[in-house]
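Here is how the chains run, residue by residue.
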Amino acid sequence: MAEWEGKSRGTVSGYKIFIFLIKHAGIPVAYSLLIFVSLYYVISSPHQTAAIYRYFRRQRQYGFIRSIISIYRNYFVFGQTIIDKIAITAGLEHKYTYEFDGIEHIRQLAKNNSAGILISAHVGNFEVSQYFMGEFDKQIHLVTTDEEQRAIKSYLANIMAKPKTGFIVLNDDLSHVFEINRVIDEKGMICFTGDRFVEGSKTMTANFLGREAHFPAGPFLISSRLSTPVLFVYVMRERHRHYHLYARTATFAHRDAQSLLHAYVQSIEQILTKYPLQWFNYYDFWKA
Amino acid sequence: MSRDEIIDITNRFLIEEFEVEPDVIQPDADLKESLDLDSLDYVDLVVLIESNFGIKLESKDFTNVNTFDNLYDLIGSKIHAIA
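Note that the coordinates shown come from a computational prediction; the quantities given were computed from them, not determined experimentally.

Participant: I'm lost on helix H5 (residues 103-111) of chain A in this one. Help?
Facilitator: Every α-helix carries 3.6 residues per turn, so stepping three or four residues along brings you back to the same face. All of the buried residues in H5(A) are A:Ile103, A:Ile106 and A:Leu109. Along the axis of H5(A), the buried positions cluster into a sector of 115 degrees, meaning they face one direction only.

What follows is the structure, encoded as structure tokens:
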């Protein structure tokens, strides 16, 4: 079974370089550095590169040359999303344009003063979603297992003007359980990424892009059992520093986690059909 | 509420929600292992306990909860604390 190792690539020093460039040379210069950084990652990360190659070749049915070019473009876009995340968090949100699609679903949550569960995926740039939701005065609490990212998030929290996304890290001491319950009690928004799991987690399977894949069971079990609206939310990057938020109400039978997973898989397939380069799971997702 | 009532209510929702056979639930059996709980399953467990017994749990309450007996003790102590 394919599982994520619980660590993402990238270091605090890497972030420091990009923050320096964004502040002193501008966003376009930071992007230009990606020409080399992307190539470096293509060469220096054989396992990740192979996994993305298989995604383009098998799941997207691209030819050999197109798959190779798409790997480089995938790393490049991923780098852009990281630079954008840093720039937006640092107060440069006015350098970007935003488009809302399905924002009425989020407005409805705010109007009803209801808690909400958002399920996203490692596509696009979900972490900038808070900047779409400023008018709702609700902080998004992202449930994560990303151990290595803690150092980076802590560094960003220290230097950034207003970190708006809270993080709930899954811990052995179960503190995350009470954090999740507190947020729901307080009518807040919890966000799960429904596409990654770590060793020891329960999984569910679904046919995804033509082949069976494993997904973490937790987000779907919890979301299907709680009487809380569930939305699928993705923030996708488009050309010219434009971000497009998609929010869709999940339709599923109450307490039926499999039907929720099915709806989720369909929604990611639709998004990836439109944005095939923005799949950012760098491991063999479809491995049996 | 008596301890027997606590055990009866608890076992009933555990069997239903976590889809386990009744004989899996033994007082000294390991809770996590028997119910096959992962880190997010505990969210369900806490919600179920709180809604069934009208109590509020905290992170530190689970420090010494390893077996079903420990869980019944925890629920009992919380109920008596608010009684």
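Participant: Explanation requested: the pattern of salt bridges in the structure shown.
Facilitator: Side-chain pairing between opposite charges can occur once the charged atoms of the two side chains come close. Within the structure shown, the criterion is met by 16 salt bridges over all chains. The salt bridge involving B:Asp69 is made with B:Arg3; its shortest N-O contact spans 2.6 Å. Taken as a pair, B:Asp69 in helix H4 (residues 68-82) and B:Arg3 in helix H1 (residues 3-17) lie far apart in primary sequence, 66 residues in all. When its relative accessible area of 29% is taken as the criterion, B:Asp69 is described as partly exposed. Here B:Arg3 falls in the partly exposed class, since its relative accessible area comes to 36%. In the salt-bridge network here, residues are joined through shared partners; they are A:Arg225, A:Arg255, B:Glu17 and B:Asp44.

Participant: Any chance you could explain the interface of chain B and chain A here in plain terms?
Facilitator: Where interface size is given, it is often the accessible area lost as the parts come together that is meant. Counting residues at the interface gives 17 residues for chain B, matched by 21 residues for chain A. For the pair chain B and chain A, the summed buried surface comes to about 1700 Å²; carbon and sulfur atoms form 59% of the total. For the salt bridge of A:Arg225 with B:Glu17, the shortest nitrogen-to-oxygen distance reads 3.9 Å. Applying the counting criterion to the chain B and chain A interface returns 8 residue pairs in polar contact (both at pLDDT 80 or more). Among the elements that take part in the side of chain B that touches chain A, helix H3 (residues 41-53) of chain B stands out by supplying 6 residues, more than any other.

Participant: Is there a simple way to think about the layout of surface pockets in this case?
Facilitator: To find leftover empty space, one rolls a probe the size of a water molecule over the atoms. All names here are of chain A. What the second largest pocket holds in volume is close to 490 Å³. As for the second largest pocket, its lining consists of 17 residues, and the residues nearest its centre are Arg-73, Val-77, Arg-239, Leu-277 and Gln-278. Counting residues per element, the ones that place at least two in the lining of the second largest pocket are helix H4 (64-92) and strand S8 (230-238). The greatest single-element share of the lining of the second largest pocket, amounting to 6 residues, is contributed by H4. Split by residue class, the lining of the second largest pocket holds 6 nonpolar, 4 polar and 7 charged.

Procedures and definitions
Residues numbered from 1 in each chain as written. Chains lettered and ligands numbered in written order. Predicted model: local features only at pLDDT ≥ 70, side-chain atom pairs only at ≥ 80, totals over all residues. Heavy atoms only, no water. Buried < 20%, exposed > 50% of the residue type's maximum accessible area, 1.4 Å probe, protein only. Helix = DSSP H or I, 4+ residues; strand = E, 2+ residues; numbered from the N terminus. Arc of directions from axis to C-beta. Salt bridge = Lys/Arg side-chain N within 4 Å of Asp/Glu carboxyl O. Contact = heavy atoms within 4.5 Å. Buried area = accessible area lost by both parts, 1.4 Å probe. Polar contact = N/O pair within 3.5 Å; in protein donor to acceptor, adjacent residues only side chain to side chain. 1 Å grid on protein atoms, 1.4 Å probe; cavity = no way out; pocket = protein on both sides within 12 Å on 5 of 7 lines; lining within 4 Å. Points joined across faces, edges and corners; volume = space filled by probe spheres on them. Nonpolar A, V, L, I, M, F, W, Y, C, P; charged D, E, K, R; others polar.

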